[in-house]
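Chain by chain, the residues:
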Amino acid sequence: MALFSGPLPLIPVPTANRRDGEPVEKTPSVVALGGGHGLSASLSALRLLTQDLTAVVTVADDGGSSGRLRRELGVLPPGDLRMALAALCDDTDWGRTWRDVMQHRFTSTEGVDGSLDNHALGNLLIVTLWELLGDPVAGLQWAGALLGARGKVVPMASVPLTIEGDILTESGGGLRVKTIVGQAQLAVAAEGGNVSNVRLLPEAAPACKDALEAIELADWVILGPGSWYTSVLPHLLLPELRDALCRTSAKRCLTMNMTNDTKETQGMTAVDHLAVIKRYAPEFTVDVVLADPAVVGDRAQFEAAVAGMGGRAVLGKVGSSTGKPVHDPLRLATAYKDMFGEN
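These lines cover the structure that appears in this document, whether it is placed above or below. Please read all numbers here as calculations on a predicted model, not as lab measurements.

Reading the values: the criteria
- Residues numbered from 1 in each chain as written.
- Predicted model: local features only at pLDDT ≥ 70, side-chain atom pairs only at ≥ 80, totals over all residues.
- Heavy atoms only, no water.
- Helix = DSSP H or I, 4+ residues; strand = E, 2+ residues; numbered from the N terminus.
- Rg over C-alpha atoms; globule rule 2.2 N^0.38 Å.
- Buried < 20%, exposed > 50% of the residue type's maximum accessible area, 1.4 Å probe, protein only.
- Contact = heavy atoms within 4.5 Å.
- Lys, Arg positive; Asp, Glu negative; His and termini not counted.
- Charge placed at Lys NZ, Arg CZ, Asp CG, Glu CD.
- Phe/Tyr/Trp six-rings, centres within 6.5 Å; stacked < 30°, edge-to-face > 60°.
- Disulfide = S-S within 2.5 Å.
- Patch = residues over 30% accessible without salt bridge, like charges linked within 9 Å, V, L, I, M, F, W, Y side chains within 5 Å.
- Areas by Shrake-Rupley, 256 points an atom, 1.4 Å probe, with all protein chains shown as cover.
- Salt bridge = Lys/Arg side-chain N within 4 Å of Asp/Glu carboxyl O.
- Pairing = 2+ DSSP bridges.
- Axes fitted to C-alpha atoms, helices over the stretch in contact; angles between N-to-C directions.
- Polar contact = N/O pair within 3.5 Å; in protein donor to acceptor, adjacent residues only side chain to side chain.

**Here we look at the overall build of the protein chain**
Consideration 1: A tally of helices and strands in the protein chain yields 14 helices and 10 strands.
Consideration 2: Expected size for 343 residues packed as a compact globule is a radius of gyration near 20 Å; at 20 Å, the protein chain falls within 12% of this value.
Consideration 3: Across the 343 residues in the protein chain, those meeting the buried criterion constitute 50%.
Consideration 4: Taking the intrachain contacts of the protein chain between residues at least 6 apart in sequence as the baseline, contacts between residues at least 24 apart amount to 70%.
Consideration 5: Seen as two clouds, the 30 positive and the 39 negative side-chain charges of the protein chain have centres 2 Å apart.

**Some words on the packing of aromatic side chains**
Consideration 1: Per the stated rule, a full pass over the model turns up three aromatic pairs.
Consideration 2: When the centroid spacing of 6.2 Å and the interplanar angle of 50° are considered together, the rings of Trp94 and Trp98 count as tilted. One end of the pair is Trp94 and the other is Trp98, both in helix α4 (residues 93-103) and four residues apart, which spans about a single turn.
Consideration 3: In this structure Trp98 comes out as partly exposed when scored by relative accessible area, which is 23%.
Consideration 4: Both rings, one in Trp220 and one in Phe340, keep their centres 5.4 Å apart while their planes meet at 45°; by these two values the pair is tilted. One end of the pair, Trp220, is in strand β7 (residues 220-223); the other, Phe340, is in helix α14 (residues 329-342), with 120 residues separating them in the sequence.

**Here's the deal with the state of the cysteines**
Consideration 1: Taken as a whole and assessed by the stated rule, the structure comprises zero disulfides.
Consideration 2: Of all cysteine sulfurs in the structure, the one in Cys246 sits closest to Cys253, which takes part in no disulfide; the separation is 16 Å.

**Looking at a nonpolar patch on the surface**
Consideration 1: Side chains of Leu168, Leu175 and Val177 sit close together on the surface and give an oily, nonpolar patch of about 290 Å² of accessible area.
Consideration 2: Tracing the sequence through the fold places Val177 in strand β5 (residues 174-181).

**Notes on the sheet that holds strand β6 (residues 194-201)**
Consideration 1: Reading across the sheet, the three strands line up as β5-β4-β6 and stay open at both edges, with antiparallel pairing between neighbours. Only two strands of the sheet have a single partner each, and these edge strands are β5 and β6. Taken pair by pair, the neighbouring strands of this sheet meet at an average axis angle of 20°, ignoring direction.
Consideration 2: One ladder, built from six bridges, connects strand β4 (residues 162-171) with β6; its direction is antiparallel. Across the sheet, the residue bridging to Ile163 is Leu200, located in β6.

**Points about the side chain of Asp292**
Consideration 1: Residue placement: Asp292 occurs in the loop between β9 (288-291) and α13 (299-307).
Consideration 2: For the buried residue Asp292, which engages in no salt bridge, the nearest side chain bearing the opposite charge is Lys317, 5.0 Å off.
Consideration 3: A polar atom in the side chain of Asp292 sits 2.9 Å from the backbone nitrogen of Ala294.
Consideration 4: For Asp292, the side chain forms a polar contact with the main-chain nitrogen of Gly319, separated by 3.2 Å.

In structure tokens:
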């Protein structure tokens, strides 16, 4: 049931500081793919560089507030979409306030089993817009207009996805394979063994048409950073999306994480991360792989692996000065700006 009768709101675009008659500097059209905190980091950097930015977000989350809404209402999990919108908010009073509103989580009084406990308000707002408009992309655009988001957010698929994988574990009787179903479980599965044979269900799920169009028209496509098996790889497991990423005339950048040893990638090196991409999407090539020198290990080996994917390695200090294994948005923005200027 559509209750809105006016035209879809346009997300405001900042006006460049220039004198009358001077041409407006064209910024690149960029598509960033991923989910969770990794995508938030790249969006926080990219919104400083371009006025034409689209986030393509994973929709396989089945934990926490998103998982509850997905199960109870049959909607796309909104959590990663909410985080992407929040990352696109300006550093103004309006932007910071709405970012905090979207990220706010309710906490029930101690001893009370409340229905709103741990729900993020932004998740509820997004699902409300979806129910009123009957269109996930339109709902996200209305949410973006409210926040003053500097970019567009779309889901990678038009239906909720389930991610599953096999875990090779060692038991008293030798090696055995255990299938883990669901993003929340798979994200921590490597603590018990090596992740292999990751897949998306349904296998031939339809990709979001807006995502496919954005990738086709982009100047740059940036995949990662993010949880490798549950946020980065899924974009290459969805057939229509993988085909679009391989066919696009855009330059392709793969951004490495600030740590290789996460709960789902324990014991893996940076080269191992590249091997995962090549295994599941051998036809996918890159122009650039961006990495902090602290995580590449053997530089010659890493550069050779990048060359095997058709690209070149760009190494730069993009990590936080706090020492935490996360990207610094300003350092990452500088690296992306240099990268855009060189190509």
